[in-house]
Amino acid sequence: MQGHILVGITGGIAAYKTPSLLRLFVKAGYEVRTIATEHALQFVTPLTIETLTNNKLHTDLFAAVAERHTEHISLAQWADVMVVAPATANCIGKLNAGIADDMLTTTLLALNKPLFLAPAMNENMYTHFSTQKNLQQLQANGVHVIEPTEGFLACQSEGKGRMAEPETIFQQIDNFLHPKEGMGIKAVITAGPTYEPIDSVRFIGNHSSGKMGYCLAEVLARKGVEVELVSGPSHLSCNHPNIRLHKVETAAEMFEATAALAPTADIAIMAAAVADYRPAHIADHKIKKSEQHLQIDLEPTQDILKTLCAQKKEGQFFVGFALETDHEEENARHKLESKKADMIVLNSLQDAGAGFNTPTNKVSILRPNSEILHLPLLSKEETAERIVDTIFETINKKR
Ligand code: CTP
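Residues numbered from 1 in each chain as written. Predicted model: local features only at pLDDT ≥ 70, side-chain atom pairs only at ≥ 80, totals over all residues. Heavy atoms only, no water.

S.K.: Tell me about the layout of surface pockets, residues and numbers included.
M.R.: Size it by volume and the largest pocket reaches roughly 770 Å³. Lining the largest pocket we find 37 residues, and of these A272, A273, V274, F321 and L323 sit closest to its centre. Only α9 (211-222), α11 (304-310) and β17 (317-324) provide two or more residues apiece to the lining of the largest pocket. For the lining of the largest pocket, the per-class residue count stands at 15 nonpolar, 16 polar and 6 charged. (1 Å grid on protein atoms, 1.4 Å probe; cavity = no way out; pocket = protein on both sides within 12 Å on 5 of 7 lines; lining within 4 Å. Points joined across faces, edges and corners; volume = space filled by probe spheres on them. Helix = DSSP H or I, 4+ residues; strand = E, 2+ residues; numbered from the N terminus. Nonpolar A, V, L, I, M, F, W, Y, C, P; charged D, E, K, R; others polar.)

S.K.: An account of the site of the ligand is needed here, citing residue identities and associated values.
M.R.: Of all residues adjacent to the ligand, which total 16 residues, the nearest are M270, A272, F321, K335 and K339. Between the ligand and I304, the relevant distance is 3.0 Å, taken from a nitrogen atom to a main-chain nitrogen or oxygen of the residue. Considering the ligand on its own, with 570 Å² of exposed area, one finds that the protein chains cover 77% of that surface. When atoms are counted within 2 Å of each cavity's grid points, the one that captures over half of the ligand is the largest pocket. For the shell around the ligand, the secondary structure elements donating two or more residues are α11 and β17. Of all the elements, β17 adds the most residues to the shell around the ligand, at 4 residues. (Near = heavy atom within 4 Å. Polar contact = N/O pair within 3.5 Å; in protein donor to acceptor, adjacent residues only side chain to side chain. Areas by Shrake-Rupley, 256 points an atom, 1.4 Å probe, with all protein chains shown as cover. Sits in = over half its atoms within 2 Å of the grid points.)

S.K.: Outline the packing of aromatic side chains, listing residues and values.
M.R.: Under the defined criterion, the tally for this structure stands at 4 aromatic pairs. Between the aromatic rings of F116 and F176, the centroid separation amounts to 5.3 Å while the plane-to-plane angle is 80°, which identifies the pairing as edge-to-face. Within this pair, whereas F116 is found in strand β5 (residues 115-119), its partner F176 is found in helix α8 (residues 166-177), the two being separated by 60 residues in sequence. Given the relative accessible area of 2%, F116 is considered buried. Taken together, F25, Y30 and F170 form an aromatic cluster joined through their ring pairs. Taking NZ or CZ as reference, R33 lies 5.0 Å from the ring centre of W78, over its face. One Lys or Arg, K223, reaches over the ring of F392 and ends 5.2 Å from the middle of that ring. (Phe/Tyr/Trp six-rings, centres within 6.5 Å; stacked < 30°, edge-to-face > 60°. Buried < 20%, exposed > 50% of the residue type's maximum accessible area, 1.4 Å probe, protein only. Lys NZ or Arg CZ within 6 Å of the ring centre and 35° of its normal.)

In short, geometric facts, not functional conclusions.
Below is the structure:
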């Protein structure tokens, strides 16, 4: 069992997201108990909450059939951590003032375990001096505040006050209870193809789906690493709160975005299939068909991996991929040396099930002064896990 989470729910529209948060905790193996205020029950039903947590929802301080006589005390003792999501201005104010007039606020006062608040309210209510003063005083007393985000609010206005996403709340609490190996580490990953425009409607691209890069981002994020994912056009999406997605189209845009992020990264993985050439001139109109041959003059793009490896600082670990069709190991070893990378992941297109647009991959890993490491045919998720494990092992050995 991962631990005991006590979730408080107060009466804000963001309560409609709380069932998703409960699901994330339950799915990860936590035991979850819940307390809702009377107002919260205007937004979520006990049936939803009790079905998701497989536990009774507590609402009434003087319930006729209580599991124990002093449930507010026993729940506070049972919890490893408590989170109130959403936390309204009213609940935050009561907590800071020490008011205990219902099951939730009474439990909060009885609690001597770590407490997280995920405020959600209208922007004016959030920035009100009294809410801000309450939050500052609670933080000064060790309460963890999971900042609301900016965006479209239920009151039809834009502003700061949206409850943090359930994934973000889950991750902060899960990281707090189970610190991860990658916490404090930053990574930048390139993924997917690049599209190099020929004219206003056409481009040169390739078959990369981005899957390998997205899997690497996911595995690193799950280890607690803060990931910047620079992706060329891809239908894939990622919703891990540790991953920030930067969408680009061309090799030049990918270079610019990655170069801006690399100086502060501890790990860089260039998994993108970057175009080596781009049209030297982009026609500003659609090129018309004719009977003549058409020649397109191509110029080289900048090698992102090579350029950034040349600027690599002490302690940074940069990984490249090599997609080869012949003399695989020799070519990959040459890429490792000529690009001065710390690791090259070799993809051989000779191997069935490896490379572009397949759910599986078969790679070998090359590092300076090390024997080549051959991995079996695995799903791209498993391949990503093995690559990340090898990166961490190599970094730990170097230290
Ligand atoms: N790469 C890059 N920028 C480029 C081209 C490639 O960052 N403009 C990176 C890829 O992301 C990969 C590595 O360099 O990590 C090797 O890519 P690959 O296409 O295998 O090799 P190239 O260097 O392009 O050489 P070639 O195509 O001749 O094999």
